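Descriptive structure summary
Here's the letter readout for the chains.
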Amino acid sequence: MQPEFWHKKWASNQIGFHLPQVNPYLQRFWPDLNLSSHARVLVPLCGKSLDLLWLAGRGHRVLGIELSEKAVEDFFSEQQLQPQISEHGVFKVYRAGTIELWCGDVFALSAEDVADCSALYDRAAVIALPAPMRERYAEHLQNILPAGLKGLLITLDYDQSQISGPPFSVDDAQVQHMFGGAWQMQLLESQDVLSDSGKFVQAGATRLEERVYRITAR
């Protein structure tokens, strides 16, 4: 999947993946990670998510990575924040308070960039990537993130033959294959959310399961 795909989605406002509220799983399970209030949290493919504000509101330093500059600009505009703009390597960095959004490719992140991150929140990255890129993403995280880092991973599982992604179906077997070797994984919740998704119902999907994992880098 090429960057142009996402640029077109944001340019045409085809962003059904954007939630107009803070993710309830984040609110329910994040406190159980027992992180320092000043922990730096990596949020890959963050879009303009309100989850960024929620994390910052808990005192965290938030590092969001987003390919679309329009998404980054929309976030600060909609939250009435005036960011300072600078450059860091290939990334264009927007910063306001404890929130930094780096505009660029998540695969350009280095271990040095995330050396002080102690948490990861992935609601939108794994399910946004097709299978080959998803494998590459998991391997990239394994290579750059420090041991002991904790976080939450949220996935969707459905019959991919009934509706094309993104968001893509990532079942438990795939999660274990991609992350099980380098991460400690704990399934926190699995919930049938088909009735809450008009897009999937209209497409004829017969099931849609949302799963939340607690993850810890070994």
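This is a predicted model, so every value here is computed, not measured.

This paragraph deals with the overall build of the chain. Along the backbone of the chain there are 7 helices and 9 strands. In terms of overall size, the chain behaves like a compact globule, its C-alpha atoms giving a radius of gyration of 17 Å where 218 residues would be expected to give roughly 17 Å. Principal-axis analysis of the C-alpha atoms places the extent of the chain at approximately 45 × 40 × 30 Å. In the chain, buried positions account for 49% of the 218 residues. Across the chain, contacts joining residues at least 24 apart in sequence account for 69% of those joining residues at least 6 apart.

In this section: helix α5 (residues 131-144). Along its 14 residues, α5 runs 20 Å from first to last C-alpha, staying within 8% of the 20 Å computed at 1.5 Å per residue. Listed in full, the buried residues belonging to α5 are Arg134, Tyr137, Ala138, His140, Leu141 and Ile144. Relative to the axis of α5, the buried residues are bounded by an arc of 160 degrees and lie together on one face. Those residues of α5 that are exposed and angled more than 90 degrees off the buried face are Pro132 and Asn143. As for α5, its buried residues are in contact with β1 (40-44), β6 (117-122), α6 (172-179) and β8 (183-192).

Before going further, it helps to spend a moment on the packing of α5 against α6. The interhelical angle for the contact between α5 and α6, taken along N-to-C directions, is 40 degrees, at an axis separation of 9 Å. Classified by the angle between their axes, α5 and α6 sit oblique to one another. Across from Arg134, Glu135, Ala138 and Leu141 in α5, the residues of α6 making contact are Gln174, His177, Met178 and Phe179. When its residues are assigned to classes, the contact of α5 with α6 shows 4 nonpolar, 2 polar and 2 charged.

Let's shift gears to α6. For α6, the complete set of buried residues consists of Val175, Met178 and Phe179. Down the axis of α6, the buried side of the element spans an arc of 75 degrees, and every buried residue falls inside it. Set apart from the buried face of α6 by more than 90 degrees, the exposed residues are Ala173 and His177. Check the buried side of α6 and you find it contacts α5, β7 (150-157), β8 and β9 (209-217). One side-chain oxygen of the residue at the start of α6 lies 3.2 Å from the amide nitrogen of Ala173, identifying that residue as Asp171.

So, on to the pairing of strand β3 (residues 84-88). Relative to strand β4 (residues 91-96), β3 runs antiparallel, the two sharing 5 bridges. Within β4, the residue paired with Ile85 across the bridge is Tyr94. Linking two consecutive strands that pair antiparallel, namely β3 and β4, is a turn of 2 residues; a positive phi of about 60 degrees is found at Gly89 within it.

Time to look at the sheet that holds strand β5 (residues 99-103). Spatially, β3-β4-β5-β2-β1-β6-β7-β9-β8 is the arrangement adopted by the 9 strands of the open sheet, whose pairing is mixed. Of all strands in the sheet, those with a lone pairing partner are β3 and β8, marking the two edges. Looking at each pair of strands side by side, their axes are set apart by 20 degrees on average, direction ignored. Examined bridge by bridge, β7 and β9 share 8 bridges and lie antiparallel to one another. Bridge pairing links Leu156 to Glu210 in β9.

Here we take up unusual backbone geometry. Residue Pro166 is reached from Gly165 by a cis peptide bond, and omega for that bond is 0 degrees. The residue Leu45 is not glycine, and still its phi comes out positive at about 50 degrees. Residue placement: Leu45 occurs in the loop between β1 and α3 (51-57). Overall, the relative accessible area of 22% leaves Leu45 in the partly exposed class. One non-glycine residue with positive phi stands out, namely Gln80, at about 55 degrees. Summarising the element assignment, Gln80 is placed in the loop between α4 (69-78) and β3. Gln80 gets classed as exposed once you look at its relative accessible area, which sits at 72%.

Criteria and thresholds
- Residues numbered from 1 in each chain as written.
- Predicted model: local features only at pLDDT ≥ 70, side-chain atom pairs only at ≥ 80, totals over all residues.
- Heavy atoms only, no water.
- Helix = DSSP H or I, 4+ residues; strand = E, 2+ residues; numbered from the N terminus.
- Rg over C-alpha atoms; globule rule 2.2 N^0.38 Å.
- Buried < 20%, exposed > 50% of the residue type's maximum accessible area, 1.4 Å probe, protein only.
- Contact = heavy atoms within 4.5 Å.
- Expected span 1.5 Å × (residues − 1).
- Arc of directions from axis to C-beta.
- Axes fitted to C-alpha atoms, helices over the stretch in contact; angles between N-to-C directions.
- Parallel < 35°, antiparallel > 145°, perpendicular 65-115°, else oblique.
- Nonpolar A, V, L, I, M, F, W, Y, C, P; charged D, E, K, R; others polar.
- Polar contact = N/O pair within 3.5 Å; in protein donor to acceptor, adjacent residues only side chain to side chain.
- Pairing = 2+ DSSP bridges.

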